[in-house]
Amino acid sequence: MAQTHPNISENPPVIRQLDDAAINRIAAGEVVERPASAVKELVENAIDAGATRIAIDIADGGKTLIRVTDDGCGISAQDLPLALSRHATSKIDGSDLLNIHTFGFRGEALPSLGAVGRLTITSRVPGADAAQIHVAGGKMEAVKPAALRAGTVVELRDLFFATPARLKFMRTDRAEAQAIGDTVKRLAMAEPAITFSLRDVSGGGKGRVTFRADRENGDLFDALHARLARVIGREFAENALQIDATREGIRLYGYAALPTYSRGAAVAQYLFVNGRPVRDKMLTGALRAAYFDFLSRDRHPAAALFIDCDPTLVDVNVHPAKSEVRFRDPGVARGLIVSALRHALAEAGHRASTTVANATLGAMRPEPAPPATARVYQMDRPSPAARQAAYRAQAPGFAELSQDYSGSVVDPAPVAPVAVEEPAPQDLPLGAARGQVHENYIIAQTADGMVIVDQHAAHERLVYEKLKTQMAEKGVAAQALLIPEIVELSEGDCARLMTVADDLSRLGLTLEPFGGGAIAVRETPAILGEVDARAMILDILDELADQGESQTVQTRIEAILSRVACHGSVRSGRRMRAEEMNALLREMEATPHSGQCNHGRPTYVELKLSDIERLFGRS
C-alpha cells in the first residue's frame, strides 16, 4: 500500500524567495529564544558602544517591556534606519570573520527584535540632536526628532506579539525575570568597570531594583574580586583562589573556590572567552576535571574563569546566540584550565572554606534568655589564681592544668598528664594540640582561636596524597593478560579510542588494534585486580564522546588508592598521644589539599576567639 510522505505535498515543491519580514522572524527564532536573549543582545550592544552606565528596566518578565538605557557613543539619525536592516553593522567590515573584538558582529539582533515586537530606538551622538525610530512587526516608521541628553535608549514592548505561537512557550513571569537577572549578572562579571542596574517596573511606577553593581576601581584582580563578591556573593570571594596563567598565547585568569566551598549543582560556574559569557562543554569539562580528585560526583566546583586570547585563535561564530565557541587548539585551552586550577589548589595547602566555620557557629545557638533579663555581659578574663581555685572545686586533676591551656593532652597510659610544649603560634597555622574528645576529634589552640580536627578524615587525606605521589614517581604497574580480551567496536569508536592509547598505556591499560573495528586489551592496571575490560572500554568511549577526553581509568585507580588510604589511616576511636596529634597537625600544614578529605568534606573547622566569645554574650 502506497504511503504519503508527510513532508511532501501532492504537487511538486516550488522554491520561493521569502520576504524580509519572514526572514527576520526566522532569524529572531534563532537569536531571540526568550526575553533574556533580547536583554543579552541589547546590553552587549551597549557595551560595544563604550557605555559606562547601563540601566535595564523590565516588566512582566520582559514579555511586555524591555528598556535598555546607556551612555555610549549613540547612533546618528541617518544611521538609525540602517541599524534596523539585516546584516548591517558598524563592528566589522566583512573582510575577516575571525578577527572579532566586539560582542556583536552579525547585524541581526535589532531587525530580528523589530520583526517580532514593537521596537523603539532613541539615540544621540555628541554634537547632534537626538532622533528616534520605531518599528513594529517588521514595519518601519520614519525617523523623527526626540529628546535625549546622550547615549541610546532601546525600548522593546510586547515581545513576540507578531508571532503569537512563541508566547505559548514562554515560562512564568518570575522564571523569565530570573533568567534575565542571570544574564545581566554574567555580563556584569565580565565588565567590572561598568555600572549595571536591573529594575522590575511591572505594574507601573518606579518599580524595584532587583540587581545593582556599581563600577569597581583598582587593578584587574581587585576590581574583578569586588565585582564577583557583589554578583556571586561575599562567601565565594572569601573562599576563592586567584588564578592567573598563560600558555601558548592563551591567558586564563579569574577566581576558583576551594573544594570545601562546593555546590550541589553546576550553578556557580561562570566561563568567559574574550569577555563573552559562554556555556561550553569542553571548558566545563576541564573545570570538572581539575576538581575531580577533590569532590565526589554529586558536588560541583564554583568558579569564574576568563580566557583571553587573540581572536583568530577562537571562532565565536559557531552558534546562533554566540554562547558556544570553538578553539583552534582546544587541547591547549583545556590543559591550561586543568593545570592552572590544580596548581592553585596545591598552593592553597591545608586551607579550608570559611563557610564550614560559619555553619558550625550557626549550629551553636545559646539558649535565649527572657526578654526582661536580656543583657550584654561585660566579663574580664579570670586571673590564673582564680582559675586554679575553680579547677580544684570542680574535679580532681583540673588543678594540674597549665595556666595557658584550655584542655589537657593525656597519654593513653595511666600516667600523670604531660604538658605539651607550645611552639610559637604564628608558626603554627593549625595551632598546638590541647586534647582529644570522643577519641576522634583533636582540639588545637591557635593564636586567635581554636581548631577542631577530624583525625580519621585528615590522616586519610595525608595517606592518599602519599600514595598518589608514590604512583606518580614509580608509575602504574600493569598486569599482562594471559589471553588478550578482544572488544568489538565500530571503526569510528576504535579510531577515537586509539587516539588516547598512549595516555591509557601510562595508566597501565595497553590497547592494540586487532583489525576492523576490534581492539585487543593486552594489559590492565594491576591495582584494579580483575577488570571487566569491555565495560571499561565502553565507559571510556562514552566520556570521549561527551567530554573529548576520559578520566575513567585514572578515576578507578585513585578510587582504589582512596580505599587503601581509608583502611590505612588513623581510625576513629583511637586515643592519640600528644606528639602524635601535633605531628598530624604539622603534616597537614605541609601537605597540599589536606583541608578536605577524599570526598570534598572538610578535615578541620577553625573557630575564631571573637566568634566563640560572642556565643557566650561577651563583647
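Each chain has its residues counted from 1, following the order in which its sequence is written. In view of the model being predicted, local features appear only for residues whose pLDDT reaches at least 70, and side-chain atom pairs are presented and counted only at 80 or more, with totals across whole chains, interfaces and linings using the full set of residues. Values reported for side chains reflect all heavy atoms of the structure, with hydrogen atoms and water molecules removed beforehand.

1. A few points about the overall build of the chain
Then comes step 1: Helix and strand counts for the chain stand at 19 helices and 23 strands.
Then comes step 2: Out of the 619 residues belonging to the chain, those deemed buried represent 46%.
Then comes step 3: With an accessible surface of roughly 31900 Å², the chain has 52% of that area assigned to carbon and sulfur atoms. In DSSP terms, a helix is any run of H or I states spanning at least four residues, a strand is any run of E spanning at least two, and both are numbered starting from the N terminus. Note on classification: 1.4 Å probe, protein chains only; a residue is buried when its accessible area is under 20% of the maximum for its type, exposed when over 50%, partly exposed between these limits. Using a 1.4 Å probe, the Shrake-Rupley method yields the accessible areas, and only the shown protein chains count as cover for residues.

2. A word on unusual backbone geometry
Then comes step 1: For Phe160, which is not a glycine, the phi torsion comes out positive at approximately 70°.
Then comes step 2: Tracing the backbone through its elements, the reader meets Phe160 in the loop between β7 (151-157) and α5 (164-167).
Then comes step 3: In the Ramachandran plot, Glu248 falls in the positive-phi region, its phi being about 50° despite a non-glycine side chain.
Then comes step 4: Position of Glu248 among the secondary structure elements: in the loop between β10 (240-247) and β11 (250-257).
Then comes step 5: Classification of Glu248 as exposed rests on a relative accessible area of 62%.

3. Re the confidence of the model for the chain
Then comes step 1: Chain-level pLDDT for the chain is 80 on average; 77% of the residues reach the 70-or-more range.
Then comes step 2: Below pLDDT 50 for its whole length, residues 369-379 participates in 7 contacts with residues either more than four positions away or in separate chains.
Then comes step 3: Per-residue confidence from the predictor is given as pLDDT, running between 0 and 100. For this analysis, residues touch if any pair of their heavy atoms sits within 4.5 Å. When the criterion is pLDDT under 50, residues 393-408 qualifies, and its contacts beyond four places in sequence or with other chains add up to 25 contacts.

4. Thoughts on the environment of Phe236
Then comes step 1: Assignment of secondary structure puts Phe236 in helix α8 (residues 234-238).
Then comes step 2: Accessibility expressed as a relative area gives 1% for Phe236, which makes it buried.
Then comes step 3: A sequence separation of 11 residues divides Phe236 from His225, and the C-alpha atoms of the two residues are 9.7 Å apart.
Then comes step 4: If sequence neighbours within four positions are ignored, Phe236 has contacts with Leu228, Tyr255, Ala257, Tyr261, Ala302, Ala303 and Ala304.

5. Description of helix α10 (residues 330-347)
Then comes step 1: In this model, α10 (18 residues) spans 26 Å end to end at C-alpha, consistent with the 26 Å of a helix rising 1.5 Å per residue.
Then comes step 2: Every buried residue belonging to α10 is among Val332, Ala333, Arg334, Leu336, Ile337, Val338, Ala340, Leu341, Ala344 and Leu345, and all of these are buried.
Then comes step 3: Contacts made by the buried residues of α10 are with β10, β11, α9 (281-291), β14 (303-309) and β16 (326-327). One fewer than the residue count of a helix, multiplied by 1.5 Å, yields its expected span.

6. Observations concerning the sheet that holds strand β21 (residues 510-513)
Then comes step 1: Note: two strands are recorded as paired if DSSP finds a minimum of 2 bridges between them. Spatial strand order, β20-β22-β21: 3 strands in an open sheet with antiparallel pairing. Strands with a single pairing partner mark the edges of an open sheet, and in this sheet they are β20 (478-488) and β21. On average, each strand axis in the sheet is inclined to that of its neighbour by 20°, with strand direction left out of account.
Then comes step 2: As judged from the 7 bridges shared by β20 and strand β22 (residues 518-525), these two strands associate in the antiparallel manner. For Glu488, the partnering residue across the bridge sits in β22 and is Ala518. Between the N-to-C directions of two axes lies an angle of 0 to 180 degrees, each axis being a line fitted to C-alpha atoms and, for a helix, fitted only over the stretch in contact.

7. Describing the nonpolar core
Then comes step 1: Grouping buried Ala, Val, Leu, Ile, Met, Phe, Trp, Tyr and Cys residues that are joined through side-chain atoms within 4.5 Å yields what is termed a nonpolar core. Judged by nonpolar contacts, the single largest core of 60 residues is most densely connected at Val43, Ile54, Ile56, Leu119, Phe196 and Phe236.
Then comes step 2: It is helix α6 (residues 173-190) that provides the largest number of residues to this core, a total of 8 residues.
Then comes step 3: Leu119 has contacts with Leu84, Leu110, Leu113, Gly114, Ile133, His134, Val135, Val154, Glu155 and Leu156, leaving out every residue within four places of it along the chain.
Then comes step 4: Counting 36 residues, the second-largest nonpolar core is a separate cluster that includes Leu241, Ile250, Ala286 and Ala348.

8. Notes on the side chain of Thr603
Then comes step 1: One can find Thr603 in the loop between α18 (578-590) and β23 (604-608).
Then comes step 2: Judged by relative accessible area, which is 1%, Thr603 ranks as buried.
Then comes step 3: Of the polar contacts made by the side chain of Thr603, one reaches the backbone oxygen of Ser594; its length is 2.6 Å.
Then comes step 4: Setting aside chain neighbours within four positions, we find Thr603 in contact with Ile452, Val453, Asp454, Ala457, Ala458, Met588, Ser594, Gly595, Gln596 and Cys597. Definition of a polar contact: a pair of N or O atoms within 3.5 Å, with one able to donate and the other able to accept a hydrogen when the atoms are protein atoms, and with sequence-neighbouring residues admitted only if both atoms are side-chain atoms.

9. Focus on the sheet that holds strand β13 (residues 276-278)
Then comes step 1: Here 5 strands make up an open sheet; going across it, the order is β10-β11-β14-β12-β13 and the pairing mixed. Whereas interior strands pair on both sides, the edge strands pair on one side only; in this sheet they are β10 and β13. Strand-to-strand twist in this sheet, taken as the mean axis angle between neighbours without regard to direction, amounts to 20°.
Then comes step 2: Sheet topology note: the β11/β14 ladder contains 7 bridges and is antiparallel. Across the sheet, the residue bridging to Arg251 is Asp308, located in β14.
Then comes step 3: Across the sheet, α6 touches β12 (269-273), β13 and β14, and the angle it forms with β12 is around 55°.
Then comes step 4: Sitting on the sheet, helix α7 (residues 220-231) is in contact with β10, β11 and β14, with an inclination near 40° to β11.

10. Some points on the packing of aromatic side chains
Then comes step 1: When two rings of Phe, Tyr or Trp (its six-membered ring) have centres within 6.5 Å they constitute a pair, described as stacked for plane angles under 30 degrees, edge-to-face for angles over 60, and tilted for the intermediate range. Enumeration according to the criterion identifies 5 aromatic pairs in this entry.
Then comes step 2: Relative to Phe306, the ring of Tyr253 has its centre 5.3 Å away and its plane inclined at 10°; by these criteria the two rings are stacked. Taken together, the positions of Tyr253 in strand β11 and Phe306 in strand β14 put the pair 53 residues apart, joining distant regions of the chain.
Then comes step 3: Owing to a relative accessible area of 3%, Phe306 belongs among the buried residues under this scheme.
Then comes step 4: Taken together, Phe221, Tyr253, Tyr255, Phe272 and Phe306 form an aromatic cluster joined through their ring pairs.
Then comes step 5: In this arrangement the basic side chain of Arg118 is found over the ring face of Phe161, its NZ or CZ atom lying 3.8 Å from the centre. Charge-over-ring placement is defined geometrically: NZ (Lys) or CZ (Arg) within 6 Å of the ring centre, and within 35 degrees of the ring normal.

11. Overview of helix α13 (residues 455-474)
Then comes step 1: With 20 residues, α13 extends 29 Å from end C-alpha to end C-alpha; this agrees with the ideal 28 Å at 1.5 Å per step.
Then comes step 2: The buried count for α13 comes to 14 of 20 residues, which makes it a mostly enclosed element.
Then comes step 3: Its side-chain oxygen 3.2 Å from the backbone nitrogen of His456, Asp454 forms the N-cap of α13.
Then comes step 4: Gly475 occupies a position one or two residues after α13 and carries a positive phi of about 85°.

12. Here's the deal with the pattern of salt bridges
Then comes step 1: Just to be clear on terms, a salt bridge is a Lys or Arg side-chain nitrogen sitting within 4 Å of an Asp or Glu carboxyl oxygen. For the structure on display, the rule yields 24 salt bridges.
Then comes step 2: With a shortest N-O distance of 3.2 Å, Glu44 and Lys40 are connected by a salt bridge. One end of the pair is Glu44 and the other is Lys40, both in helix α2 (residues 35-48) and 4 residues apart, which spans about a single turn. Here Glu44 and Lys40 have matching classes, each one buried.

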